[in-house]
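What the coordinates show
Each chain, letter by letter, is given below.
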Amino acid sequence: MNVKEIVLETLQKALKDESLSDRHPEGYVSGEELAEICNVSRVSVWKAVESLRTKGFVIDAVTNKGYKFIHSDIFNKDQIESFLPDGHDFDIRFYDCIDSTNTEAKRLLLQKEKKFLHKTIVVAMQQSAGRGRFGRTFFSPARTGIYFSIIYIPNHYMHPGSVTAAAAVGLCRSILGVYGVQCGIKWTNDIIYNGKKVAGVLTEGISDFETGRIESIIIGCGINIIPNESFPVDLQNDAGCICLQNSDAKRSLFCATAIKEICSILDGNESFKKDAMKEYKANSVLLGKKITVYPFGSPYECTAIDILDNGVLCVQKENGDIIQLQSGEVSLRV
């Protein structure tokens, strides 16, 4: 075994074996003892612990006590696939760090015939250049979130708004199923919990210039699972997370569940898709409320009155005019 494996085994044994409680109070093992067991320096032990943390193992460190194994939130390709059904048709491509899962999905579509990339899933522990709508940056730190993109090759026309809605519903179903948390949806693509954004969807399409038909769809999802102290100050008021405790993260389970839920909606028949849109409307945090719309022109105030089956938002202005919004930016802060 290498140093990391020995350190992990020793810490887990100290926590589980009650006969060692006198030697290792509360399950802590000193760095000095770990160094002696591994026959390496204490610095090497520290490096091994840091490496284990990057892999999803949560290890506490306390001065004069040492290290203690808390739990594991292993997030990798093997763990994700262990929660997918046998014989599944997903091609999971996992990265410790990547610029953007959506950007990587585009690169793949340029390199390989599209039909062979159907349901290819690009997953990352961290994004260095995560993207949101309208060219915004999507902050994507390691260890605390999940970032993935689904390449979907449709065999019929799919309205972009309905695809984004399907992804939002799939995420809400997965959050409820895995964490027991009911979230709301802010049109078009934000998942809201406790008044803060905990997830977002970025849907992009690649079309044939001659036919105008969308040949491939990329559905990018970013989810904040547990708190992250490195979040920029300007985001802390608006960005939230699903769980408060590291022990509840279950990132691999959630990732697999979300992939299955989103694709099951996209694969479903028209009745199945309409049921998903009913969920989208039922979970909306906008309907019936005063909002501000930010089009390419001047913003205006109105009331959100309906969401159509293709994801279009219907709003009513103060003069009674009804406008259908295909896309855009809206805010509840009138």
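Preceding this paragraph is the structure being described.
Note that the structure is predicted; figures quoted are calculated from it, not measured.

The rules we used
Residues numbered from 1 in each chain as written. Predicted model: local features only at pLDDT ≥ 70, side-chain atom pairs only at ≥ 80, totals over all residues. Heavy atoms only, no water. Pairing = 2+ DSSP bridges. Helix = DSSP H or I, 4+ residues; strand = E, 2+ residues; numbered from the N terminus. Axes fitted to C-alpha atoms, helices over the stretch in contact; angles between N-to-C directions. Right-handed = clockwise from strand over helix to strand, strands pointing away. Parallel < 35°, antiparallel > 145°, perpendicular 65-115°, else oblique. Left-handed = near helix turned anticlockwise from the far one by under 90°. Contact = heavy atoms within 4.5 Å. Nonpolar A, V, L, I, M, F, W, Y, C, P; charged D, E, K, R; others polar. Buried < 20%, exposed > 50% of the residue type's maximum accessible area, 1.4 Å probe, protein only. Expected span 1.5 Å × (residues − 1). Phe/Tyr/Trp six-rings, centres within 6.5 Å; stacked < 30°, edge-to-face > 60°.

So, the sheet that holds strand β13 (residues 322–325)
Pairing within the open sheet is antiparallel, and its 5 strands lie in the order β13-β12-β11-β10-β14. Each of the sheet's edge strands pairs with one partner strand only, and the pair in question is β13 and β14 (329–331). In this sheet, adjacent strand axes meet at a mean angle of 45° when their direction is disregarded. As judged from the 3 bridges shared by strand β10 (residues 290–294) and β14, these two strands associate in the antiparallel manner. Residue pairing for β14: valine 293 is matched across the bridge by valine 330.

Some remarks on the pairing of strand β3 (residues 91–95)
Where β3 lies against strand β4 (residues 120–124), 5 bridges are found, and the strand directions are parallel. In the strand pairing of β4, aspartate 91 is matched with threonine 120. Between β3 and its parallel partner β4, the chain crosses via helix α5 (residues 101–111), and the hand of that crossover is right-handed.

Digging into the packing of helix α6 (residues 160–179) against helix α8 (residues 251–267)
At a minimum axis separation of 8 Å, α6 and α8 run at an interaxial angle of 140°. With respect to α8, the axis of α6 lies oblique. Classified by chirality, the crossing of α8 by α6 is right-handed. Where α6 approaches α8, its residues Val163, Ala166, Ala167, Val169, Gly170, Leu171, Arg173, Ser174, Ile175, Val178 and Tyr179 are matched on the opposing element by Arg251, Leu253, Phe254, Thr257, Ala258, Glu261, Ile262, Ile265 and Leu266. Of the residues in the contact of α6 with α8, the class split is 14 nonpolar, 3 polar and 3 charged.

Quick word on helix α2 (residues 31–38)
Those residues of α2 lying buried are Gly31, Glu33, Leu34, Ala35 and Cys38. Looking at the buried positions of α2, the neighbouring elements they touch are α1 (3–16), α3 (42–54) and β2 (66–72).

A look at α8
Taking 1.5 Å of rise per residue, 17 residues should cover 24 Å, and α8 covers 24 Å from first to last C-alpha, within 8% of that figure. The complete set of buried residues in α8 reads Arg251, Ser252, Phe254, Cys255, Ala256, Thr257, Ala258, Ile259, Ile262, Cys263, Ile265 and Leu266.

Some details on the environment of glycine 130
Its location among the elements puts glycine 130 in the loop between β4 and β5 (145–152). Residues in contact with glycine 130, not counting those within four places in the same chain, are Asp99, Arg136, Thr137, Phe138 and Ser140.

Quick notes on the packing of aromatic side chains
For the structure on display, the rule yields 2 aromatic pairs. Considering the side-chain rings of phenylalanine 75 and phenylalanine 94, the 5.2 Å spacing of their centres and the 80° angle between planes classify their relative orientation as edge-to-face. Within this pair, whereas phenylalanine 75 is found in the loop between β2 and α4 (77–82), its partner phenylalanine 94 is found in strand β3, the two being separated by 19 residues in sequence. Each ring, one from tyrosine 179 and one from phenylalanine 254, has its centre 5.6 Å from the other, and the planes form 35°; the classification is tilted. A residue pair is termed long-range when its members are at least 10 positions apart, and tyrosine 179 in helix α6 and phenylalanine 254 in helix α8 qualify at 75 residues. On the basis of relative accessible area, tyrosine 179 is assigned to the buried category, the value being 15%. The buried category is assigned to phenylalanine 254, whose relative accessible area is 0%.

Here we look at the sheet that holds β5
The strand order β3-β4-β5-β9-β8-β7-β6 describes an open sheet built from 7 strands, whose pairing is mixed. Where the open sheet ends on each side, the last strands, each with one partner, are β3 and β6 (184–186). Looking at each pair of strands side by side, their axes are set apart by 20° on average, direction ignored. Where strand β8 (residues 196–207) meets strand β9 (residues 214–224), 9 bridges bridge the pair, whose relative direction is antiparallel.

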